[in-house]
Amino acid sequence: MIKFTDYSESRDNSLSGSFWNDETETIMGNCYKPPSKLGLEAYAEEQKVLAEVIKSSSVISGETTLNSSPLEQSAHRIESFSPQDFQHQGNFKFKHGDGSTYEGGWFDGRPEGFGTFRDAEGHTYKGVWRRGKREGVGKETWADGAVYEGEFVEDMRQGQGTYLDPSGQRYSGEFVANAFEGHGTLSFGNGSVYRGGWKKGKFEGEGIMIHPNGSRFEGQYSEGKKEGLGKIIAADGTVFVSKYKSGRRVEPWAAILPDGSEVDVDEEHSRTFSELAI
């Protein structure tokens, strides 16, 4: 049986206490509620009835969907918690039948303030909640080791944040609706680094790709592919300029040597230089 116990009346006639679960022998939380007009005894009886409602229903409910691919951001969402009958204000710990838990601030039947959600698969959110949704700064982790730390808006990763995937790739920058969007930097496991624009998780607009050998590509991207004029700057300072369409080079390279002289590069050498670009 779950019951309200150890309650006491404070100087302002408010009531505080603990929910006790006879089956698990654990305190589920503390609560604060303005005093009932019927007085302390009637209010305690009211809590017993409420406890039976809680016992017969799920204290936490919700659903999650997750795709932790490094470039395809999930539409991950945690539903507002229930039951709506649980209208107390304070800090509580709830456990759902599927093994998920919530511990933290609670107001008007849903998470509010700072709290931690964990599901049975190891997915965790620890941070700020507003009206039952993730809103503000928080940290989200997955069982496979992926981590997001940054801003949330309306239950989505949005604003400034950092995402680290299980392979070691790291993105730092702007997010919109769970996806890389705006300006950001992605560090690849092989040592390459992309800095520039993003849209819906793909390279977009001006961008720079820096390679471990010291060369770099500078140019335009569209839907993750090179588009328009772009150039490769080799480690020795030589600049190779060409045009791209849907990620493919459509003109031979024009080379600008370190001394400033310009030369055309024949097709055979163009194929060699194109291997610098990714």
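Everything in this summary refers to the structure shown in the same document.

Thresholds, definitions, all that
Residues numbered from 1 in each chain as written. Predicted model: local features only at pLDDT ≥ 70, side-chain atom pairs only at ≥ 80, totals over all residues. Heavy atoms only, no water. Helix = DSSP H or I, 4+ residues; strand = E, 2+ residues; numbered from the N terminus. Contact = heavy atoms within 4.5 Å. Salt bridge = Lys/Arg side-chain N within 4 Å of Asp/Glu carboxyl O. Buried < 20%, exposed > 50% of the residue type's maximum accessible area, 1.4 Å probe, protein only.

Let's shift gears to the environment of Ser261. As for its position among the elements, Ser261 is in the loop between β19 (254-256) and β20 (262-264). Linking Ser261 and Thr238, residues 23 residues apart in sequence, is a C-alpha distance of 9.9 Å. Once you skip the residues sitting within four places of it in the chain, Ser261 turns out to touch Ala255 and Ile256.

What follows deals with the pattern of salt bridges. As a working rule, side chains carrying opposite charge can pair if their charged atoms are close by. Applying the stated rule across the entire model yields seven salt bridges. Here Asp155 makes a salt bridge to Arg134, at a shortest N to O gap of 3.1 Å. One end of the pair, Asp155, is in the loop between β9 (147-153) and β10 (156-164); the other, Arg134, is in strand β8 (residues 133-141), and 21 residues separate them in sequence. Put simply, Glu140 and Arg157 hold a salt bridge, and the shortest N to O gap is 3.0 Å. Of the two residues, Glu140 is situated in strand β8 and Arg157 in strand β10; the sequence distance between them amounts to 17 residues. Residue classification places Glu140 among the buried residues on the basis of a relative accessible area of 0%. Linked through salt bridges whose partners overlap, the residues forming this network are Arg134, Glu140, Asp155 and Arg157.

Shape is all these values report; function is a separate question.
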